[in-house]
Amino acid sequence: MENISTKPALNNSQNSFGEIARVYGSVGAFVRANLTLLWIGLALLLWFLNPIKALPNPMEVLQAFRGMWRAAGSQGLVYNVYVTLKLNVVGLFYSAVISLVISYLSVIPLFQPFNRMVQWLRYIPIVGFNLVFLTLFAIGWPMKVAMLTTGMAFFLVTSMTGVIAAIPRMKYELAKVLGYNDWQVFYSVIVRPTLPAMIEMIAQNAAIGWVMITAIETYNRTEGGIGSQIYAYSSTNQLAEVYAYLLIIGVIAVAEDGLFRLLKRLLFPYSLIAERA
């Protein structure tokens, strides 16, 4: 009886082991969680054994984290994370709204040249617009929001316009055959089906925002923030504090990505059915 009862368990373990090495193998949530923990453990092991002496080890980073947590005022960890997180959320919101408007207007020939010009601007470093921002906004919070919003919008417009351009022409023709007017075609064929993909584009480009934030807060260090602190610590060779802040950015970015997935699942449950199909 024991041999019979253990056979299904052995078969299940063998099947799980085989699936993790297959192309598009299917594994359960338990196996995925264990694989994630395994890779995290390997990364930590490599970090502990890392031969680069200048790179701080995990214990040094943990001590730096504790020191920054206890610091008060503008040098404190909580204050600087709050400043940067607020900038990230506000910039991401403004850039998403502006980019959605510009991208959806690209289906109208009148606005297509403008859309193309906005896409071309992503090749220009954001510091190239500093003179414009200094003229329009006071240095400090308004200028940082403008720099982040503009820099992210260039990439978001490119991604979102690509989603709209990928809509099959047949869907437009089918809507016309069914007697839809222009506004009905715009909503039923363009806006509603692409909104789930737009959420994904915003989530992907949020990573670009974190890269830009450190550069923006380094250039404009008023009010503090993670970027200004990284610059201050790196200039005095306090690398443990620098890596502590980098890890915090990574944790926030992963949480932000999960929040976007949850938002997509709640707002557009039908998109999950299409993905499984």
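Whatever comes next refers back to the structure up there.
If you're wondering where the values come from, they're calculated on a predicted model, not measured in any experiment.

A. A look at the overall build of the chain. Tallying secondary structure elements over the chain gives 12 helices and 0 strands in all. Across the chain, helices and strands are ordered from the amino to the carboxyl terminus as α-α-α-α-α-α-α-α-α-α-α-α. Considering only residue pairs separated by 6 or more positions, the chain has 69% of its internal contacts joining residues 24 or more positions apart. As displayed, the chain offers around 17,500 Å² of accessible surface, 69% of which is attributable to carbon and sulfur atoms.

B. Region of the structure containing unusual backbone geometry. If you check the backbone angles, N237 has positive phi at about 65° while not being a glycine. For N237, the position within the fold is in the loop between α10 (226–235) and α11 (239–267).

C. Molecular detail of the packing of aromatic side chains. In total, this model carries 7 aromatic pairs according to the counting rule given. With a centroid separation of 6.4 Å and 25° between ring planes, the pair formed by F65 and W69 is classed as stacked. On the criterion of helical spacing, the pair formed by F65 and W69 is a turn pair, its members being 4 residues apart in helix α3 (residues 58–70). The partly exposed category is assigned to F65, whose relative accessible area is 32%. Judged by centre distance (5.6 Å) and plane angle (50°), the rings of F129 and F154 are tilted. Taken together, the residues span a long stretch of sequence, with F129 in the loop between α5 (112–120) and α6 (130–136) and F154 in helix α7 (residues 141–165) at a distance of 25 residues.

D. Summary view of the packing of helix α4 (residues 77–104) against α10. The interhelical angle for the contact between α4 and α10, taken along N-to-C directions, is 130°, at an axis separation of 8 Å. It follows from the interaxial angle that α4 and α10 lie oblique. In this structure, α4 contributes N80, V81 and T84 to the contact, and α10 contributes I226, G227, S228 and Q229. Here the contact of α4 with α10 is built from residues that sort into 2 nonpolar, 5 polar and no charged.

E. Seen up close, the pattern of salt bridges. Inspection of the entire model under this criterion finds 4 salt bridges. Measuring nitrogen to oxygen at the nearest pair gives 2.9 Å for the salt bridge that ties D182 to K176. Using a relative accessible area of 46% as the deciding quantity, one classes K176 as partly exposed. The closest approach of N and O atoms between E200 and K264, which form a salt bridge, is 2.2 Å. Highlighted residues: E200 in helix α9 (residues 182–219) and K264 in helix α11, separated in sequence by 64 residues. Residue class for E200 comes out partly exposed when judged on its relative accessible area of 32%.

F. Region of the structure containing the side chain of S99. Along the polypeptide, S99 turns up in helix α4. Given the relative accessible area of 0%, S99 is considered buried. In this structure, S99 is in contact with A153, L156, V157 and M160, ignoring residues within four places of it in sequence.

G. Up close: the environment of Q75. Residue position: Q75 is located in the loop between α3 and α4. Taking the C-alpha atoms as reference points, Q75 and G224, separated by 149 residues in sequence, lie 8.2 Å from one another. When sequence neighbours within four positions are dropped, the list of residues in contact with Q75 reads M68, N80, Q229 and Y233.

Rules behind the numbers
Residues numbered from 1 in each chain as written. Predicted model: local features only at pLDDT ≥ 70, side-chain atom pairs only at ≥ 80, totals over all residues. Heavy atoms only, no water. Helix = DSSP H or I, 4+ residues; strand = E, 2+ residues; numbered from the N terminus. Contact = heavy atoms within 4.5 Å. Areas by Shrake-Rupley, 256 points an atom, 1.4 Å probe, with all protein chains shown as cover. Phe/Tyr/Trp six-rings, centres within 6.5 Å; stacked < 30°, edge-to-face > 60°. Buried < 20%, exposed > 50% of the residue type's maximum accessible area, 1.4 Å probe, protein only. Axes fitted to C-alpha atoms, helices over the stretch in contact; angles between N-to-C directions. Parallel < 35°, antiparallel > 145°, perpendicular 65-115°, else oblique. Nonpolar A, V, L, I, M, F, W, Y, C, P; charged D, E, K, R; others polar. Salt bridge = Lys/Arg side-chain N within 4 Å of Asp/Glu carboxyl O.

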